[in-house]
Amino acid sequence: MATACEVVQPSPGLFLDTRRREEPFLWDISNSPELLDLRTCILSGLSQTAKAIPSLLLWDEQGLRNFNEWADSPHYYLKSKEMEIFETWRDQMANALPHRSALVELGCGNLHKTSIILSALARQGKQVWYYALDVSKSALRQSLQFLHEEFMYCPNVRIAGLIGTYDDCVDWVAHNTSTLHGLPATFLWVGNSMPNLSKTEASDLMNNFRRACGVAGISCRFLVSADACADESRLLKAYDPEAGTSRTFLRHGLHRAKTLLGTDSFEEEVWNCTVEYDRKENEILAFYSPRVDVILAVDLTVHKGDKIFFFRSGKWNESQMETIAHQAGGFQVSHVWRDSNEEYGFYLLSS
Ligand SMILES: C[S@@+](CC[C@H](N)C(=O)[O-])C[C@H]1O[C@@H](n2cnc3c(N)ncnc32)[C@H](O)[C@@H]1O
C-alpha cells in the first residue's frame, strides 16, 4: 500500500520510534454522564420546561454512517467547501503549526480530511502526535485503522484514538501531562462541528481546554472550521428534515431514544421533525415534536406539539468567530483560510 510518507525527508532528531503496531492504540477516557448514562440524560431533558434531548443520540456508529451519507449528498454543500479549502491551503495550514506538536482532533468522524493535513505535516518533516477523539468506540476503531495503515511507516506521525466527549478530553488533557510530552497542543475541530454548540458553549469549552493546557504546562491553539452561509433557502434545502439523507440523519435520534428507553413511544410515525433558521443567531435548529400526547412515565408526559430541541448548526462569520474566541479567555484569529466564495472559513485561533 502507498503510504502518506513516501516523499518525507526525515528531519534530524525524530522523536517517534519506528516500532509499529498492527492496530492503533485506543484509549477509553469516557467519564461524562452524557456518554455513560444517556438514558437518564434523555429523561432529564424531557422533564425541563424548555425540553431538549442530548445531540449525542445522533452520533453512534449508525449515526455517523448517516452523517457521512448526508455529507456526500448534493445538497450538503459544506463538505465540498471544506475539501476545497483543505486542498488549496493544506501546506499553509501545516506551515502555521509548530514543528513538534500534539494534534488533538475533536469529533474526528471518518477522518477522511485528517489524512490531508497529516500528510502535509509529514511532507514538511514536522513531528506530530495525533489523537482522534470521538464518542463511538466502534466507529472510531474502524476509521482510525485506515489512518493507522496509511501512516504506519511514517516516522514523524504517531496516531492514537480517544473515546469520549469533549468534556472528557478536557479532563484528559489536564491529567495526562506525560502523554502530551510537554508539546504545544493544537485542537483540530472541523466539519462545522464547533457550531453544533451555542456560541456561549463553544467559548466555555475552548476556555476549559485553555485552562487544562495551562495545568499541563503546554500552549494551546485551535484550528476550527465554520460555515458562514446566510442564504436561508440553501440552508433549508441542505437541512431538509423531510427528504433523503438529511431526514435519515436527523431522525436517527428517535430510533436511539426508542432503543435506550425501551418504549414504543418513539415510533417514527408518532413524531414530526422540524428545522428552523434563526436569523438573529445565524443558526439552524432542529426539533422533534409528537403528533399525540406521549406518556413516558407517571409524572412525565410530552404533549402533542411540544418542541424538543436536539440539534444545532451555527453559521458563523469571521466577526462572530472573533467574539467567540475572545470570550474563550483571549484567543485571537491569527489566520483565516477561505473557500473561493468566501462563505466557509478555517480559523487558526491562538492566545
Ligand atoms: C459534524 S460531525 C464532523 C465529523 C468530522 N470532523 C468531519 O469533518 O467529517 C461531528 C462529529 O463530532 C462528534 N461529536 C459530537 N458530539 C461530540 C461530543 N460531545 N464529544 C466528542 N465528539 C462529539 C460526532 O460523533 C461526529 O463525529
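What counts as what
All chains use their own residue numbering, which begins from 1 and follows the written sequence. Selection of residues for local features in this predicted model requires a pLDDT of at least 70, selection of side-chain atom pairs for listing and counting requires 80 or more, and totals for whole chains, interfaces and linings are taken over all residues. UniProt positions are given in the numbering used here, feature names are shortened, and annotations may be inferred rather than shown by experiment. The rule is simple: place the C-beta atom from the backbone, and if it lies within 6 Å of a molecule or strand, the residue is near it. In DSSP terms, a helix is any run of H or I states spanning at least four residues, a strand is any run of E spanning at least two, and both are numbered starting from the N terminus. Side-chain classes follow a simple rule in which Ala, Val, Leu, Ile, Met, Phe, Trp, Tyr, Cys and Pro form the nonpolar group, Asp, Glu, Lys and Arg form the charged group, and the remainder, Gly included, forms the polar group. Exposed residues have 12 or fewer other C-beta atoms within 10 Å of their own C-beta, buried residues have 20 or more, and residues in between are partly exposed; the C-beta atoms are placed from the backbone. Here the arc refers to the directions that run from the helix axis out to each C-beta atom. By the criterion used throughout, residues are in contact when their C-beta atoms, derived from the backbone, lie within 7 Å. Pairs of strands are assigned from DSSP output, requiring at least two bridges between the strands. Inter-axis angles, ranging from 0 to 180 degrees, are taken between N-to-C directions of lines fitted to C-alpha atoms, where helices are fitted over the stretch in contact. Each domain's extent was defined by an automatic or database domain assignment. For classification, angles of less than 35 degrees are called roughly parallel, those exceeding 145 degrees roughly antiparallel, those between 65 and 115 degrees roughly perpendicular, and all remaining angles oblique. In this usage, the nonpolar core is the set of buried Ala, Val, Leu, Ile, Met, Phe, Trp, Tyr and Cys residues whose C-beta atoms join them within 7 Å.

- Naming follows an unreviewed UniProt entry, where the chain appears as Histidine-specific methyltransferase SAM-dependent domain-containing protein of Aspergillus ibericus CBS 121593.
- Looking at the Sequence similarities (unreviewed entry) heading of the UniProt record, one finds this comment for the chain: "Belongs to the methyltransferase superfamily."

**A closer look at the site of the ligand**
Inference 1: Taken together, 17 residues lie around the ligand, and Trp59, Gly107, Gly109, Thr165 and Gly191 are the ones closest in.
Inference 2: Looking at the shell around the ligand, the elements with two or more residues in it are helix H3 (61–71) and strand S3 (127–134).
Inference 3: Its residues placed into classes, the shell around the ligand shows nine nonpolar, six polar and two charged.

**Quick word on helix H11 (residues 318–327)**
Inference 1: Met321, Ile324 and Ala325 are the residues of H11 that are buried. Around the axis of H11, the buried residues are gathered within 95° of arc, so they sit on the same side.
Inference 2: In this structure, the buried side of H11 is in contact with helix H8 (199–216), strand S6 (220–227), strand S12 (332–338) and strand S13 (344–350).
Inference 3: Downstream of H11 by a residue or two, Gly329 has a phi angle that is positive, lying close to 100°.

**Description of the sheet that holds S13**
Inference 1: Spatially, S1-S4-S3-S2-S5-S6-S13-S12 is the arrangement adopted by the eight strands of the open sheet, whose pairing is mixed. Strands at the two margins of the open sheet, each flanked by one partner only, are strand S1 (25–28) and S12. When the angles between neighbouring strand axes are averaged without regard to direction, this sheet yields 20°.
Inference 2: Contacts between helix H5 (residues 114–123) and the sheet are confined to strand S2 (100–106), S3 and strand S4 (157–163), with S3 contributing the most and set at about 170° to the helix.
Inference 3: Relative to the sheet, helix H6 (residues 137–151) contacts S1, S3 and S4, its axis offset from that of S4 by approximately 180°.

**A look at the pairing of strand S8 (residues 283–290)**
Inference 1: As judged from the eight bridges shared by strand S7 (residues 271–278) and S8, these two strands associate in the antiparallel manner. Note on S8: the bridge partner recorded for Thr274 is Phe287.
Inference 2: Here S8 runs beside strand S11 (residues 308–314); their pairing, made up of six bridges, is antiparallel. Looking at the pairing, Ala286 lines up with Phe311 of S11.

**With respect to the UniProt feature "domain: Histidine-specific methyltransferase SAM-dependent" (unreviewed entry) in the chain**
Inference 1: As recorded in UniProt, the feature "domain: Histidine-specific methyltransferase SAM-dependent" (unreviewed entry) lies at residues 39–350.
Inference 2: Along residues 39–350 one finds 40% helix and 25% strand; the C-alpha atoms at either end are 37 Å apart.

**Side note on the domain arrangement of the chain**
Inference 1: Per the domain assignment, the segments making up the chain are domain 1 (25–31 + 73–229 + 315–350) and domain 2 (51–59 + 232–314).
Inference 2: Relative placement of domain 1 and domain 2: their C-alpha centres are 28 Å apart.
Inference 3: In terms of residue class, the side of domain 1 that touches domain 2 is made up of six nonpolar, seven polar and one charged.

**Examining the packing of helix H2 (residues 38–47) against helix H10 (residues 244–261)**
Inference 1: For the pair H2 and H10, the least separation of the axes is 10 Å and the interaxial angle reads 110°. Taken together, the axis directions place H2 and H10 in an arrangement best described as roughly perpendicular. The segment H2 lies against H10, with Leu38, Arg39 and Ile42 engaging Ala257, Leu260 and Leu261.
Inference 2: Partitioning the contact of H2 with H10 into residue classes produces five nonpolar, no polar and one charged.

**What to know about the nonpolar core**
Inference 1: With 103 residues, the main nonpolar core has Val104, Tyr130, Ala132, Cys169, Val173, Ala185 and Phe209 as its most contacted residues.
Inference 2: It is H8 that contributes the most residues to this core, seven residues altogether.
Inference 3: Cys169 has contacts with Ile29, Val104, Leu106, Leu133, Leu162 and Gly164, leaving out every residue within four places of it along the chain.

**A word on the sheet that holds S7**
Inference 1: The three strands are arranged S7-S8-S11 in an open sheet whose pairing can be described as antiparallel. Two strands lie at the open edges of the sheet, namely S7 and S11, each paired on one side alone. When the angles between neighbouring strand axes are averaged without regard to direction, this sheet yields 20°.

**Observations regarding the pairing of S3**
In regular strands, side chains alternate between the two faces of the sheet.
Inference 1: By the criterion of burial, S3 is predominantly enclosed, with eight of the eight residues buried.
Inference 2: Burial along S3 is two-sided: Gln127, Trp129, Tyr131 and Leu133 facing one way and Val128, Tyr130, Ala132 and Asp134 facing the other are all buried.
Inference 3: Pairing of S2 with S3 involves seven bridges; the strand directions are parallel. Note on S3: the bridge partner recorded for Val104 is Tyr131.

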